[in-house]
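Architecture and fold: a report
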Amino acid sequence: FPWHLAIPTVATAMSVEVQSLAINALTKRIQEEAKVLPDGILRVADFLNYRVDPVLMDNCGAILANKLSKRKLTKVLAGCSSQGLLPALATSRHLGIPVVFAYASVPSAWGRRETFSATIQGRTHWVLKEAISAEDHVVIIDDIVRTGSTVEALKSICQQAGAKYLGAGAIIHNRLNGQTWDGELESLAQVSPPSAFGRAVDISPAVNDLALPEVVAADVLTERVMTEGKVLPGNLLKVYSFINHQVDTGLMDMCGQLLARVFAGFGVSKVLTAQTGGLPPAHAVATALRVPLVCARESHENDTAVIETMYSAPSESFTKKKKLVLYVTKESLSANDTVLVVDDFLATGTTGVALHKIIQQAGAAAAGMAFLVEKRFQDGRGKILRELPEMSGRIVSLACIESMSEDGINLDCKVVGDCKPLPSVDDHVMIDRVLECAQPATGYGMINATTFLNHKVDTKLMDQAAFVLAKRFVDARCSAVLTAEMSGVAPAAALARKLRVPLVCARRELSEVMKVSGGTISAKVEGSTDLARGMLHIFKDHLRKDDTVLVVDDILGNGATALAMQDLCDQVGATVVGMGFLLEKVFQHGRGKILAKRPQLTDGIVALTKILSMDDQGLKVFRCPEPQRETWLRVASDLVRRMSAEVEIDVAANAMKFRSVLGLHMSMDPVLLDACGDVLAAQFAGVTKVLTGAPVQGLSVAYVVARHCEVPMVFARTGVPLTMKGQKILSAQAPSGNFNVSAEFFGPSDRVLIVDDFLASGQTAKALQQICVEAGVQIAGFAFLALNKTQLVGQRTAANGHGPTGREALGPNKVVVLAEVLGGITQGRCEVKLADWLQRLS
């Protein structure tokens, strides 16, 4: 297929526009939240280095990495405090190289190994000789550079090692006092004495109301559009093999991550889309942002009941060639929300305008609009801006088609966005690394993990560990992650970034900012042999009474550090909902000591690796990760709790609704659904396709199942869009209408998993089964969130729901559900419980 693609010669073109947004977000936070203390000390503790915004920190690391990327670096070197380690970790993560941090005291695990040393702020700091060599090219990273004393001290360590020092980087260059450092420094913001009356400080670059680039061309998406897109008569673009009929879930994930980066600083609290094609990209964006997803449903243009009772707006489908009304329930959006509109296509702009009108009716704020594919020649952007001029600079597309014809497609790719696939992670990842690299520190009861964990840090391994921990704590709904410097910072930062919640770092010593500012609380680490560092300190207002906290550290030994962090939470009234560790030294009985004081954490302590014993011969490691079934039970139990708490019975309609799980099939919790999809996917092997029915109910569940099966999702349509004309159509009658699927999506070797949200009578599932039979493919089974065993009109008359269910209707096929709903809806009551197979596991 002929194509034309104008890709700039500079591979980092995306960084200029999108990174300027991140820098602007940083300078705005400095302007609004930073405080100048005596002696020119700059306090940014509330967002950058004590209670940390992990997304902002990661963006800063990405920009520093981009600035330093041409220097052929092999190591990042940081000082001994969490402030400097955080940006060093973020930068090394994007550079793909290890970070080494100095210690303010020699750990017992180092024994008598040789070290380099330097004095920082009156204290000697050490680095193992084996951590930095003469072959290394080193950059030094800090959060704030003021006098440069830390950089100079770390430079001397590079000199002792014979390593090549290639510069320094910092988030902020503080030039407020007269002793500023003028060495070579890559910084993102500079703070100087005020040049005009009325200013506290001057900030460079200045804070601006920056416009988003109109297009951030997603490389993987533009390539697919060019190679697989087909131009049909009537300005129709056929991309249904990977976007809007058969969905490439991996592609959606990458596009969702990219859009989440673009809109990271806009305070998005909800994502809004319209059925049906907008759901996959919107689900990916909402999952990446970890915010609720609201899906507007369609009705006919004269539906007065909808217009009078819902937030609604008129729209028109370009591909279906019909007028309609989009609507959402009034409970799904509030005046406190900041809403991002996401859709698959921007063509005429009518859907975008309609969704924005719905946001306005709710009194909410619009963060912006994001689209996978824009057909610029249809002037949809122009229509939106003519009717909604406030959206200027707030509309982004990932593939913008300037023109298209039978001769080819012309794309605007002046600004390029890099899309990276989400890595698959093995639960054994930490066990494997411990077995490969960890060693006992003879005579000290300590573990030498300096090559990957607590001196030289492998940030890729930290990301993988965070992925596993996030799965284990999927039901925790934490609002903050708490850790203690130094070794706990790396895994905690990775987990906080994954969960998109603040990271609170407890200091071992009071910093100058803490001493001058005051307002701190402290907790003793029982049994600590380091008198100067035997306490943990945080600002009192960095944890709040309503916070739900995950405590994270690298190693669980005797439990003293974890209990000290628990004490900090107790002092402010915050609730610890779990504790996560990379390694647990079982023989030191820390878990038992924690549970003796906090028995409610029995199921809330997770260690990715358990070391049963250690001696001169090595480590005895328990080689099995925490049983996967424990995660399955956590997820399913969480689903049952949510459904039980949120069920609403509509006696007149003989129906049940769930407010935020799949409430009214409009407001969805994408994180919970994703976890449920992971559990359902794990029950089936050899799946090549996931099939569901349109328009909304099954699509969200099927999407997450397909995502974890790592296969495409195909959804049956109740109509035949213009892009499907001329294709062989597989059809079957379902309760909601006639299902239609293009036959080209199935091959004789396919093994198809049929997925929906609820299994009630089984008629929808049987219609999809009929399509599979007609396609000649094998059925792997059926997967559902819940089995509806309540009393249904015309099917079961017993109030207790006895009688045939949809499970029996599907015959001998494998059927997996996570929950069962029992009772008589006509009596206005029902009960939600774990599915039988999960009860047997527990």
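As the structure is a prediction and not an experimental result, all values here were calculated from the model.

Our next topic: helix 10 (residues 350-362). If you check helix 10, its first and last C-alpha atoms are 19 Å apart, about what 13 residues at 1.5 Å a residue would give, namely 18 Å. Two residues or fewer after helix 10 comes Gly363, characterised by a positive phi angle close to 75°.

Glancing now at the confidence of the model for the protein chain. With 90% of its residues at a pLDDT of at least 70, the protein chain reaches an overall mean of 86. A low-confidence stretch, residues 1-15 (pLDDT under 50), is modelled with 40 contacts involving residues beyond four sequence positions or located in other chains. For the stretch residues 793-802, pLDDT sits under 50, and the model shows 25 contacts to residues farther than four places along the chain or on other chains.

Attention shifts here to the packing of helix 7 (residues 249-262) against helix 8 (residues 279-289). Two numbers describe how helix 7 lies on helix 8: the axes approach to 8 Å, and their chain directions differ by 55°. Comparing their axes, helix 8 and helix 7 come out oblique. Remark: the crossing between helix 7 and helix 8 carries right-handed chirality. On the side of helix 7, the interface is formed by Met252, Asp253, Gly256, Gln257, Leu259 and Ala260, while helix 8 contributes Pro280, Pro281, Ala284, Val285, Ala288 and Leu289.

In this section: the pairing of strand 33 (residues 548-556). For strand 33, the buried fraction is high: eight of the nine residues fall into the buried class. Where strand 29 (residues 480-484) meets strand 33, three bridges bridge the pair, whose relative direction is parallel. Across the sheet, residue Val481 finds its bridge partner in strand 33, namely Leu550. Here strand 33 pairs with strand 34 (residues 575-585) via eight bridges, running parallel. Paired with Leu550 across the two strands is Gly578, which belongs to strand 34. Note on the crossover from strand 33 through helix 16 (residues 560-572) to strand 34: the handedness is right-handed.

This next bit is on the pattern of salt bridges. Scanning the entire structure with this criterion turns up 43 salt bridges. In this structure, Lys833 and Glu820 form a salt bridge, with 3.0 Å as the shortest nitrogen-oxygen distance. With Lys833 in strand 48 (residues 831-834) and Glu820 in strand 47 (residues 815-823), the pair connects residues that are 13 residues apart, well separated along the chain. A single burial state applies to Lys833 and to Glu820, both of which are buried.

Cut-off values and rules
What you see as residue numbers is a count from 1 along each chain, following the sequence as written. Per-residue local features are limited, in this predicted model, to residues with pLDDT of at least 70; the limit for side-chain atom pairs, both in listing and counting, is 80 or more; totals at the level of whole chains, interfaces and linings are taken over all residues. To obtain the side-chain values, all non-hydrogen atoms of the structure were used and water was disregarded. For helices the rule is a DSSP run of H or I covering at least 4 residues; for strands it is a run of E covering at least 2, with both sets numbered from the N terminus onward. To estimate how far a helix should reach, multiply one less than its number of residues by 1.5 Å. The quantity called pLDDT is the predictor's confidence in a given residue, expressed from 0 to 100. In what follows, a contact means two residues having at least one pair of non-hydrogen atoms within 4.5 Å. In this analysis, axes come from line fits to C-alpha atoms, helices being fitted only over the stretch in contact, and the angle between any two N-to-C directions falls in the range 0 to 180 degrees. Angles are sorted into four bins: roughly parallel if under 35 degrees, roughly antiparallel if over 145, roughly perpendicular if 65 to 115, and oblique for all others. Handedness of a helix crossing follows the sense of rotation of the near helix relative to the far helix, less than a right angle counterclockwise being left-handed and clockwise being right-handed. Each residue's exposure class comes from its accessible area (1.4 Å probe, protein chains only) as a fraction of the maximum for that residue type: buried when under 20%, exposed when over 50%, partly exposed otherwise. Pairing between two strands requires that DSSP report at least two bridges joining them. A clockwise course of the path from the first strand over the helix to the second, judged with the strands pointing away from the viewer, identifies a crossover as right-handed. One side-chain nitrogen of Lys or Arg within 4 Å of one carboxyl oxygen of Asp or Glu is enough to make a salt bridge.

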